[in-house]
Amino acid sequence: HSFYDRSTPDVALASDGLLQTAYLVLLVAGFFWFADLRRRDALARRSAWAGFVLGLGAFQLFDGVVNHKVLRLHEIRYDVDVLPYDLAWNGVAVVLLIIGAVLAVRSRDEGRLPAARPAGGGG
């Protein structure tokens, strides 16, 4: 399916091109940001993975609910009962969001320095 397939094939192709261009720009920007964090030794790996998985789930759920159902830009399949496809698509999105949330909770203290103890031991 195309990003927007409720018009002519040319419009569908153009919409796919614009969407893929936006994805590519964001992907390249993300890799530059990732590389900069690694270079500065500031990369929190578990937090980065949590954000990546949360982003995947959020995009997929947004696509399944907003693009497919609310805006009706496109469907997963046509001329069939789409309920099983919608349940699978949005179900995977929810699973990704849960995994991302668990990773985020487990990595919330990553990169923080332990609190310094006062000098003198004071006992």
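Before reading further, recall that the structure is shown in the block above.
These numbers were taken from a predicted model, which means no experiment stands behind them. (Residues numbered from 1 in each chain as written. Predicted model: local features only at pLDDT ≥ 70, side-chain atom pairs only at ≥ 80, totals over all residues. Heavy atoms only, no water.)

*Asks:* I'd like to hear about the overall build of the protein chain, residue by residue, with values.
*Replies:* Assigned secondary structure in the protein chain consists of three helices and zero strands. Taken from the N to the C terminus, the helices and strands of the protein chain come in the order α-α-α. Residue burial in the protein chain is summarised as follows: out of 123 residues, 20% are buried. By sequence separation, contacts in the protein chain at least 24 residues apart represent 65% of the contacts at least 6 residues apart. Summing over all exposed atoms, the protein chain offers an accessible surface of approximately 9300 Å²; the carbon and sulfur share of this is 68%. (Helix = DSSP H or I, 4+ residues; strand = E, 2+ residues; numbered from the N terminus. Buried < 20%, exposed > 50% of the residue type's maximum accessible area, 1.4 Å probe, protein only. Contact = heavy atoms within 4.5 Å. Areas by Shrake-Rupley, 256 points an atom, 1.4 Å probe, with all protein chains shown as cover.)

*Asks:* An account of a nonpolar patch on the surface is needed here, citing residue identities and associated values.
*Replies:* A cluster of nonpolar side chains, contributed by Trp49, Phe52, Leu56, Val95, Ile99 and Leu103, occupies part of the molecular surface with about 580 Å² of accessible area. When residues of the nonpolar patch are traced back to their parent elements, those giving at least two are helix 2 (45-70) and helix 3 (83-106). Among the secondary structure elements, Val95 is positioned in helix 3. (Patch = residues over 30% accessible without salt bridge, like charges linked within 9 Å, V, L, I, M, F, W, Y side chains within 5 Å. Salt bridge = Lys/Arg side-chain N within 4 Å of Asp/Glu carboxyl O.)

*Asks:* For helix 1 (residues 9-39), give the residues involved together with the corresponding values.
*Replies:* Counted at 1.5 Å a residue, the expected span for helix 1 with its 31 residues is 45 Å, and the 45 Å between its end C-alpha atoms agrees. Among the residues making up helix 1, those that are buried are Ala12, Ser15, Leu19 and Leu37. The positive-phi residue at the C-terminal boundary of helix 1 is Asp41, with phi of around 55°. (Expected span 1.5 Å × (residues − 1).)

*Asks:* Can you explain the pattern of salt bridges? Please cite residues and give values.
*Replies:* Applying the stated rule across the entire model yields four salt bridges. The partner of Arg40 in a salt bridge is Asp36, with the nearest N and O atoms 3.0 Å apart. The partner of Lys69 in a salt bridge is Asp86, and the shortest N-O contact between them spans 2.7 Å. One end of the pair, Lys69, is in helix 2; the other, Asp86, is in helix 3, and 17 residues separate them in sequence. Relative accessible area serves as the criterion here: at 9%, Asp86 is assigned to the buried category. A cluster of three or more residues bridged by salt bridges with shared partners is formed by Asp36, Arg39 and Arg40.

*Asks:* Talk me through the environment of Phe3; I want residue IDs and the actual numbers.
*Replies:* Examined against the element boundaries, Phe3 turns out to sit in the segment before helix 1. With relative accessibility at 25%, the residue Phe3 sits in the partly exposed group.

*Asks:* An account of the environment of Trp33 is requested, with residue identities and associated values reported.
*Replies:* Looking at the secondary structure, you find Trp33 in helix 1. Along the primary structure Trp33 and Leu43 are separated by ten residues, whereas in three dimensions their C-alpha atoms are 9.8 Å apart.

*Asks:* Run through unusual backbone geometry, naming residues and quoting values.
*Replies:* A positive phi angle, near 55°, is found at Asp41, a position not held by glycine. On the basis of relative accessibility, which here comes to 72%, the residue Asp41 falls in the exposed class. In this structure, Arg72 takes a positive phi of about 55° despite not being glycine. Tracing the sequence through the fold places Arg72 in the loop between helix 2 and helix 3.

*Asks:* Describe the packing of aromatic side chains, listing the residues and the values that go with them.
*Replies:* Applying the stated rule across the entire model yields two aromatic pairs. On the numbers, 5.7 Å between centres and 80° between planes, the contact of Tyr23 with Phe59 is edge-to-face. In this pair, Tyr23 sits in helix 1 while Phe59 sits in helix 2, placing the two residues 36 residues apart along the sequence. Tyr23 sits in the partly exposed class, given a relative accessible area of 30%. Residue Phe59 is classed as partly exposed on the basis of its relative accessible area of 38%. Each ring, one from Trp49 and one from Phe52, has its centre 5.7 Å from the other, and the planes form 90°; the classification is edge-to-face. Here Phe52 and Trp49 lie together in helix 2, a separation of three residues that amounts to about one turn. (Phe/Tyr/Trp six-rings, centres within 6.5 Å; stacked < 30°, edge-to-face > 60°.)

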